[in-house]
Protein chains: 2
Amino acid sequence: MRYYSYDEFLEDVRLIDKLLYPDIDTIVAVARGGLTFAHFLAERKGIREVLCINSIGYDNDRKLECVNVYNLPNLDCAQSVLIVDDIVDSGDTLLEVLKKLKSLYPDKKFYTAALFYKRSAKIAPNFYAKKTDEWIEFFWSKDLA
Amino acid sequence: MRYYSYDEFLEDVRLIDKLLYPDIDTIVAVARGGLTFAHFLAERKGIREVLCINSIGYDNDRKLECVNVYNLPNLDCAQSVLIVDDIVDSGDTLLEVLKKLKSLYPDKKFYTAALFYKRSAKIAPNFYAKKTDEWIEFFWSKDLA
């Protein structure tokens, strides 16, 4: 178990901001986990188009058999899209989000970013701040407790 | 100009959480401004359904003549929806979001919440932390500068 603080998050947003390709014009946040990260990154980069997508793959920390992705955003006006989540754990969510969005928008460019990336994940995000094997306690749930 | 810190925000999320009606099952965040608030409030209340809606009404601090609301979320499974934004300024965004969602879902209940509420706004949110007449510098833009 590792606590991830707001101050560490600020450093990581600055770090990932420097790594990102300059052509990204749209951010898609995977709700809920990616919401705060997407908000800060969009502020930092001056990107006004922040859309959301919903995903359910866990049920009270118990892994479900499949990932359900819904509320797909309209990306007609996007060219280069950054999909943002807090952590790439198994990678199932990110793979399913990419699959659905790429099939709907085969001509758009898609990149992925996460704060944490587990070495055991099936897919590595294009941009991430840290590799981990631990369970992360994010400030957005911990600091309110 | 008034700086709004992360610590003050945590207090306000706790405050608003206590005010909310217990029947709320879905949160709709107005992007970008409402994203972080929606994320924290959903964590606090244990609400997994966090959807987003997009709104453009300002262009570089210059007020546009009308508010455009788009990427309307699917609320078929919702019963009682909390619309969340950072600040109710003129009230134009909130009025337009409410109008569009109520016309699509006339049988659902809609409530509104914001961290700040300007006395001059055309509509008061059902739940808010503070009234203000100042320009607010939120931590999600200021702390990265």
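Refer to the structure presented above.
Reference entry: report on the structure contained in this document. Small disclaimer: the values here were computed from a predicted structure and weren't measured. (Residues numbered from 1 in each chain as written. Chains lettered and ligands numbered in written order. Predicted model: local features only at pLDDT ≥ 70, side-chain atom pairs only at ≥ 80, totals over all residues. Heavy atoms only, no water.)

## Re the interface of chain A and chain B
- Taken together, the 34 residues of chain A in the interface contact 34 residues of chain B.
- Between chain A and chain B lies a buried interface of about 3,100 Å² when both sides are counted; carbon and sulfur atoms form 54% of it.
- Area buried by chain A at its contact with chain B is led by Arg32, His39 and Leu144 of chain A, which between them contribute 27% of it.
- Between Glu43 of chain A and Arg32 of chain B there is a salt bridge; the shortest N-O distance is 3.8 Å.
- Between the two partners, chain A and chain B, sit 22 residue pairs in polar contact (both at pLDDT 80 or more).
- Elements that contribute at least two residues to the side of chain A that touches chain B include exactly helix H1 (6-19), helix H2 (35-45), strand S3 (50-59) and helix H4 (139-142) of chain A.
- No other element matches the seven residues that H2 of chain A contributes to the side of chain A that touches chain B. (Contact = heavy atoms within 4.5 Å. Buried area = accessible area lost by both parts, 1.4 Å probe. Salt bridge = Lys/Arg side-chain N within 4 Å of Asp/Glu carboxyl O. Polar contact = N/O pair within 3.5 Å; in protein donor to acceptor, adjacent residues only side chain to side chain. Helix = DSSP H or I, 4+ residues; strand = E, 2+ residues; numbered from the N terminus.)

## Remarks on the state of the cysteines
- Applying the stated criterion across every chain, the model contains one disulfide over all chains.
- Two residues, Cys52 of chain A and Cys52 of chain B, share a disulfide whose sulfurs are 2.2 Å apart. The chirality of the disulfide connecting Cys52 of chain A with Cys52 of chain B is left-handed, given an S-S dihedral of about -70 degrees. On the criterion of chain membership, the pair formed by Cys52 of chain A in strand S3 and Cys52 of chain B in strand S3 (residues 50-59) is interchain, its members lying in two chains. Taken individually, Cys52 of chain A and Cys52 of chain B each receive the classification buried, so the pair is uniform in this respect. (Disulfide = S-S within 2.5 Å. Buried < 20%, exposed > 50% of the residue type's maximum accessible area, 1.4 Å probe, protein only.)

## Examining unusual backbone geometry
Residue and element names in this part refer to chain A.
- In this structure, Arg32 follows Ala31 across a cis peptide bond, with omega equal to -5 degrees.
- Locating Arg32 in the fold gives a position in the loop between strand S2 (26-31) and H2.
- Positive phi outside glycine occurs at Asn71, with the angle close to 55 degrees.
- Within the element layout of this structure, Asn71 appears in the loop between strand S4 (62-70) and strand S5 (80-88).

## Considerations on the relation of the copies chain A and chain B
- Between the two copies, chain A and chain B, the superposition gives an RMSD of 0.0 Å; the rotation angle is 180 degrees and the shift along the axis is 0.0 Å. Seen this way, the second copy is the image of the first under a two-fold rotation axis. Closest approach to the rotation axis among the C-alpha atoms of chain A is made by Thr36 of chain A, whose C-alpha sits 2.3 Å away.
- Most of the interface of chain A is mirrored in chain B, where 100% of its interface residues again form contacts. (Least-squares fit on C-alpha atoms with pLDDT ≥ 70 in both.)

## Let's talk about the pairing of S2 of chain A
Residue and element names in this part refer to chain A.
- By the criterion of burial, S2 is predominantly enclosed, with six of the six residues buried.
- Neither face of S2 is left uncovered, since the one carrying Thr26, Val28 and Val30 and the one carrying Ile27, Ala29 and Ala31 both have all their residues buried.
- Where S2 and S5 come together, four bridges link them in parallel fashion. Bridging from a neighbouring strand, Thr26 pairs with Val81 of S5. (Pairing = 2+ DSSP bridges.)

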